[in-house]
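Working through the structure, step by step
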Amino acid sequence: MGEKHMPCPINWLNIWYASGKITFPLEIRFGLMADRVLVIGSGGREHALAWKLAQSPHVKQVFVAPGNAGTANSGKISNSAVSVSNHAALAQFCRDQEIRLVVVGPEVPLAAGIVDDLTAAGVRCFGPTAKAAQLESSKSFTKSFLDRHGIPTARWKSFTDPKAACSFINSANFPALVVKASGLAAGKGVIVASNKEEACKAVNEIMQDKTFGTAGETVVVEELLEGEEVSCLCFTDGVTIAPMPPAQDHKRLKDGDEGPNTGGMGAYSPAPQISKDLLLKIGETVLQRTVDGMRKEGIPYLGVLYAGLMLTKDGPKVLEFNCRFGDPECQVILPLLKSDLYEVMQAVINKKLSSSMPIWYEDSAAVTVVMASEGYPGTYPKGLEITGLSKAKELGLEVFHAGTALKDGKVVTNGGRVLTVTAIKEDLMTALQEANKGVAAINFKGSIYRKDIGYRAIAFLSQSRGLTYKNSGVDIAAGNILVQKIKPLAAATSRSGCNAELGGFAGLFDLKAAGYKDPILVSGTDGVGTKLKIAQVCKKHDTIGQDLVAMCVNDILAQGAEPLFFLDYFACGKLDVEVAQGVIAGIAEACQKAGCALLGGETAEMPGMYPPGEYDLAGFAVGAVERGQMLPQLERIADGDVVIGVASSGVHSNGYSLVRRIVEKSSLDFSSQVGVSGDQTLGDLLLTPTKIYSKTLLPVLRSGHVKAYAHITGGGLLENIPRVLPDSFGVVLDALSWKIPEIFCWLHKEGNLSEEEMARTFNCGIGAVLVVQKELAQQVLKDVQKHEAAWLIGKVVPLQKGSAHVKVHNLLQALQANRSLSVHSHIQGKIQTNKVKVGVLISGTGTNLEALINSTKKPTSFAEIVLVVSNKAGVEGLRKAERAGIPTRVIDHKLYGSRTEFDSAVDRVLEEFSVELICLAGFMRILSGPFVKKWEGKCCIILYAS
């Protein structure tokens, strides 16, 4: 084939890679990441900010000053020792390092005017000015502001004299039990007293004992409000507000809101207590009104505005404002941000937020749990080693460091609140469970944490909406959709005696209408065993239904019964309608082959019983036979009767636990190509459906010439044939008399199995046996061979005392003979030792993928496709890969907050499959810088392949 050469523009890299006879011109463009960012702070909030900013393709480096162990040399993120209190030196550092954006995390630098000074020095800074930050740094300013602009808040009064404050507490006509230090007190300057004495004591501790230093020179005494406390934050450019998902912090140290006040022991978002309508109201009456009021007073507010609210019976009321992200609220809100945080912050500074409104992940919830030092919020030890951080990351959780440091290469405690563990899941309960798993994996001496973060939300949901079957994991609507989809499939199996209409409580069958006069009913039940595991791994669900039907109807044939109707049982942890429909479609098709009606069934969705993607099957067949035609006819069986063997289609549905173990130990896997043309995988071969013998053998069984029929099922040849023989007889079989399918030869060789193990576990190519009179054997054989491959394979003999009921002669010779003829050309090893393992990334039909697959199948190819990844589910390219037996993965980019996060997920899967070369075949995503750097020289774009 020819090669198509493309021009090589600046910043493009041409790579040429030959695979067999196909040569691909491959080009990658490396994006130039422009900006450096500086985050001010050292807590979990700052780690989360750096983490989110680092996901932006516009950002090449994030400095954190002073940072912590989590922000020290972590990908794009690193710490800086620059002074954050010396604003002139900080501005010079920003110029020297070409910092394009400074993001201020904590409130103290904001109140100290860091934004004013850096902006004056020409450094772009995200956050409010010192005057605007008064909304947090001065509670007396804030309360006056709220009153001026008609923003609802608790009744209050400020004092500089402790005696006057106590007098007010004792005389107020409302419960004046909330005492606040007016200045900044690291989130701890609020005391909620239970009575007037406690409130007065708090005043004296703050004002006279200087518990919070100069922050307590003025105190604010407030009305104690009752209700639910929530946090509503927004981005604002001074004109427009962009609300964030509401959150709820947990200030108390211990479960159940017991213990002392802290800076926050955990949070969750979104808070379900705030409906969309209520959030809109809060946006209008609190957040927007505050931004408008600040602008009218000549103090434009830019940055993040945080409103702490109480949801009272009279509506939401402001408790306090913060002029930055909360901690730990930041750690649950930012993971829910779908947009690029860097772009949002730039839009705020440019006062163009209205044209760049942030987008948030929907149908997701985040929970963060804080791990604190023993003794917090009082005195606590430092320097204690922290272990288990990698275990938490392996669980898919985000660990944001706060009070941590590096010491001798180890992460140690260095603060009161040490770290936070954040989980993002589809609901709060699951997120809390996962976050708690992460906390349990992390250890340091004396660690303190709460296990009930989000308990108020869970209680609210159960009280306000009540639990539902769906949010408990059972989707009745999905079940109903499935029934509607399978109704026509079942109807197509109608036969004389029933119409196979689904939907009733029970199914009916009219034996008289089916032509029976003196019938005996015969029933059988079975499953498919661990053959299901292979179907689920190979994502091939359309043939396993035939196995289920065959295992049941072939059993009742042993009584000479015609299968009349079939019932199925499909059990799973979470119902996948498409998968279930595929399985049941296979069952319905098999019922038509067997001549029985699919009369009904049960779909059981049982959360927690089965892992995701797994299901189990059971089947129930009912048949009938006229009283005088029942089998086996033991009294007629005699010495010298002939055994006819009817061919199986392969392994059928027994022995798969052993099969799977053999495959695990072999050089093959289920995706390995087998067959002369290489168009079948080992998985496909092992999933060859069990033969259904009812329609082909029933006329022969009813002829009166057959004395017994045995289905060769679990227990193989050795244990099934004796089930239809008198105790005084056995059989002798000659394995050279029938063709043993090659798969059995391979299993025998790879598993190093004995002859007895083969004959006791597998059918060895014989799916059923008939016992007939010697004189009639040729005629019966000819009748069977009209529909099935069959052979005369042995004879009935008197059973000697102590002898085996079944003797199989020449089995080893037959297995070796068949293998020597064909195994090397039919079942090949997985790959040549020098083949390159290729992962292909696609987004659509996979036109180029098809050419790659065809090329790598050729013996001369030096490549093997071991994985196909798509960022879109259900595309044709995935089906092409699955048909070729290539493992597939769907990694939906919409579920990730950034390119970097998405690329990291792709990278993990590539590592899992030991991919050595990546081919981008119609992959419609721009790769992030870190990903391209890691795979430099091992990543290529397919521009032409045929």
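Computed from a predicted structure; not experimentally measured.

Basis of the calculations
Residue positions are counted from 1 within each chain, in the order its sequence is given. In view of the model being predicted, local features appear only for residues whose pLDDT reaches at least 70, and side-chain atom pairs are presented and counted only at 80 or more, with totals across whole chains, interfaces and linings using the full set of residues. Each side-chain value is worked out from all heavy atoms of the structure, with water and hydrogens disregarded. Secondary structure elements are defined from DSSP: runs of H or I of at least 4 residues count as helices, runs of E of at least 2 residues count as strands, and each element is numbered from the N terminus. Between buried and exposed lies partly exposed: a residue is buried under 20% and exposed over 50% of the maximum accessible area for its type, with that area taken using a 1.4 Å probe on protein chains only. The convention is simple: Lys and Arg are positive, Asp and Glu are negative, and His and the chain ends are not counted. Charged side chains are reduced to one point each, which is NZ for Lys, CZ for Arg, CG for Asp and CD for Glu. By the convention used here, strands pair only if DSSP detects at least 2 bridges between them. When the strands point away from the viewer, a crossover counts as right-handed if the path from the first strand over the helix to the second runs clockwise. The angle between two axes is taken between their N-to-C directions and runs from 0 to 180 degrees, where each axis is a line fitted to C-alpha atoms and a helix contributes only its stretch in contact. Contacts: residue pairs with any heavy atoms within 4.5 Å of one another. For every residue, the pLDDT score states the predictor's confidence, bounded by 0 at the bottom and 100 at the top. Think of a salt bridge as a Lys or Arg side-chain nitrogen and an Asp or Glu carboxyl oxygen that are within 4 Å of each other. In summary, the pairing rule links any two rings of Phe, Tyr or Trp, Trp by its six-membered ring, whose centres are within 6.5 Å, and it sorts them by plane angle into stacked for under 30 degrees, edge-to-face for over 60 and tilted for everything else. Put simply, a crossing is left-handed when the front helix is turned counterclockwise from the back one by less than a right angle, and right-handed when it is turned clockwise. In this count, Pro and Cys sit with the nonpolar residues alongside Ala, Val, Leu, Ile, Met, Phe, Trp and Tyr, while Asp, Glu, Lys and Arg are called charged and the others, Gly among them, polar. A helix is expected to reach a length of 1.5 Å times the quantity of its residues less one. Think of it as the arc spanned by the lines of direction from the helix axis to the C-beta atoms. Polar contact is the term for a pair of N or O atoms within 3.5 Å; when the atoms are in protein, one must be able to donate a hydrogen and the other to accept it, and sequence-neighboring residues count only if both atoms are side-chain atoms. The method works on a 1 Å grid over the protein atoms by themselves. A cavity is a set of points holding a 1.4 Å probe that cannot get out, a pocket is an open set with protein on both sides within 12 Å along at least five of seven lines, and residues with an atom within 4 Å of a point line them. Grid points are joined across faces, edges and corners, and a volume is the space filled by probe spheres set on the points. Reported domain spans reflect what an automatic or database domain assignment gives.

Here the focus is the overall build of the protein. For the protein, the count of helices and strands is 30 helices and 41 strands. Principal-axis analysis of the C-alpha atoms places the extent of the protein at approximately 120 × 70 × 50 Å. Counting every position in the protein, which comprises 946 residues, the buried fraction comes to 54%. Positive and negative side-chain charges of the protein, numbering 99 and 96 respectively, have mean locations separated by a distance of 3 Å.

With seven of its seven residues buried, strand 3 (residues 35–41) lies for the most part within the structure. Neither face of strand 3 is open: one carries Asp-35, Val-37, Val-39 and Gly-41, the other Arg-36, Leu-38 and Ile-40, and all of them are buried. As defined by bridge partners, strand 3 adjoins strand 4 (residues 59–66) across seven bridges and the pair is classed as parallel. The residue bridging Val-39 from the neighbouring strand is Val-64, located in strand 4. Handedness of the crossover is the feature at issue here: the chain leaves strand 3, passes through helix 1 (residues 44–54), returns alongside strand 4, and the resulting connection is right-handed. Here strand 3 runs beside strand 6 (residues 99–104); their pairing, made up of five bridges, is parallel. By the bridge assignment for strand 6, Val-37 is matched with Leu-101.

Here we have four strands laid out as an open sheet, ordered 8-11-9-10, and antiparallel in their pairing. The sheet terminates laterally at strand 8 (156–159) and strand 10 (190–192), the two strands that pair on one side only. Taking each pair of neighbouring strands and ignoring which way they run, the sheet shows an average axis angle of 20°. Across the face of the sheet, helix 6 (residues 139–148) comes into contact with strand 8, strand 9 (178–181) and strand 11 (219–222) while running at roughly 145° to strand 8.

For the rest of this paragraph, the subject is the sheet that holds strand 35 (residues 790–798). Sheet architecture is open: six strands sit in the order 32-34-29-35-33-36, paired in mixed fashion. Of all strands in the sheet, those with a lone pairing partner are strand 32 (706–711) and strand 36 (806–809), marking the two edges. Here the strands of the sheet are splayed against their neighbours by 25° on average, with no regard to which way each runs. Examined bridge by bridge, strand 33 (residues 729–734) and strand 36 share four bridges and lie parallel to one another. Note that in strand 36 the partner of Leu-733 across the bridge is Val-808. Sheet strands touched by helix 21 (residues 694–702): strand 29 (642–647), strand 32 and strand 34 (766–772). Its angle to strand 32, the strand with the most contacts, is close to 150°. Contacts between helix 25 (residues 777–785) and the sheet are confined to strand 29, strand 32, strand 34 and strand 35, with strand 35 contributing the most and set at about 145° to the helix.

On to the environment of Leu-334, then. Looking at the secondary structure, you find Leu-334 in the loop between helix 10 (329–333) and helix 11 (341–349). For the pair Leu-334 and Ala-618, spaced 284 residues apart in sequence, the C-alpha to C-alpha distance is 46 Å. Residues contacting Leu-334, with those up to four places away along its chain left out, are Ala-48, Leu-49, Trp-51, Lys-52, Phe-325 and Leu-341.

Residue Pro-270 is bonded to the preceding Ser-269 through a cis peptide linkage, with omega at -5°. Mapped onto the elements, Pro-270 comes out in the loop between strand 17 (266–269) and helix 9 (276–296). Residues Leu-631 and Pro-632 are joined by a peptide bond in cis, for which omega reads -5°. Mapped onto the secondary structure, Pro-632 falls in the loop between strand 28 (615–626) and strand 29. Positive phi is not limited to glycine here, since Glu-98 has a value of about 55°. One can find Glu-98 in the loop between helix 2 (87–96) and strand 6.

The subject of this paragraph is the confidence of the model for the protein. Taken residue by residue, the protein gives an average pLDDT of 88. The fraction at 70 or more is 92%. Low confidence marks residues 820–833, where pLDDT is under 50. Its contacts with residues over four positions away, or in another chain, come to 30 contacts.

Moving on to the pattern of salt bridges. Oppositely charged side chains may form a pair once their charged atoms are brought near each other. As enumerated under the stated definition, the model contains 36 salt bridges in all. Here Asp-292 makes a salt bridge to Arg-295, at a shortest N to O gap of 3.2 Å. Here Arg-295 and Asp-292 lie together in helix 9, a separation of three residues that amounts to about one turn. The partly exposed category is assigned to Arg-295, whose relative accessible area is 35%. Each of Glu-228, Asp-255, Asp-257, Arg-450, Asp-452 and Arg-456 takes part in one network of salt bridges that share partners.

The next subject is the packing of aromatic side chains. For the structure on display, the rule yields 11 aromatic pairs. A ring pair is formed by Phe-570 and Tyr-615, whose centres lie 5.1 Å apart and whose planes are at 20°; its orientation type is stacked. With Phe-570 in strand 26 (residues 562–572) and Tyr-615 in strand 28, the pair connects residues that are 45 residues apart, well separated along the chain. The same class applies to Phe-570 and to Tyr-615, which are both buried. For the ring pair Phe-902 and Phe-923, a centre distance of 6.5 Å and an interplane angle of 15° mean the geometry is stacked.

It is worth spelling out the packing of helix 19 (residues 656–665) against helix 23 (residues 742–751) at this point. Orientation of helix 19 relative to helix 23, taken along the N-to-C sense of each, is 65°, at an axis distance of 10 Å. Taken as a pair, helix 19 and helix 23 cross one another with a handedness that is left-handed. Contacts from Val-659, Ile-662 and Val-663 of helix 19 reach helix 23 at Trp-746, Leu-747, Glu-750 and Gly-751. Partitioned by chemical class, the residues of the contact of helix 19 with helix 23 number five nonpolar, one polar and one charged.

An ideal rise of 1.5 Å per residue puts 16 Å on 12 residues; helix 8 (residues 196–207) measures up with 17 Å between its terminal C-alpha atoms. Among all positions in helix 8, only Ala-199, Cys-200, Ala-202, Val-203, Ile-206 and Met-207 are buried. Down the axis, helix 8 shows its buried residues gathered within 155° of arc, on one side only. In helix 8, the exposed positions angled more than 90 degrees off the buried face are occupied by Glu-197 and Lys-201. Contacts made by the buried residues of helix 8 are with strand 8, helix 7 (162–171), strand 9, strand 10 and strand 11. You can read the cap of helix 8 off the contacts: a side-chain oxygen lies 3.2 Å from the backbone nitrogen of Glu-197, and it is on Asn-195.

Most of strand 12 (residues 228–236) is tucked away, with seven of its nine residues classed as buried. Note that strand 12 and strand 13 (residues 241–243) share three bridges and pair antiparallel. Looking at the pairing, Thr-236 lines up with Ile-241 of strand 13. Count of turn residues in the strand 12/strand 13 antiparallel hairpin: four residues, of which Gly-238 carries a positive phi of about 95°.

Let us look at the environment of Ile-743. Locating Ile-743 in the fold gives a position in helix 23. As a C-alpha pair, Ile-743 and Cys-764 span 21 residues in sequence and 9.1 Å in three-dimensional space.

A few words on empty space enclosed by the protein. Under the definition given, this model contains four cavities of 30 Å³ or more. Empty space within the largest cavity amounts to approximately 70 Å³. Every residue lining the largest cavity is counted, 14 residues in all, and those nearest its centre are Val-104, Phe-126, Val-304, Arg-324 and Phe-325. When residues of the lining of the largest cavity are traced back to their parent elements, those giving at least two are helix 1 and strand 6. Of the residues belonging to the lining of the largest cavity, the class tally is 10 nonpolar, two polar and two charged. In this structure, the lining of the largest cavity is formed jointly by two domains, domain 1 (35–126) and domain 2 (133–355), each of which donates at least three residues.

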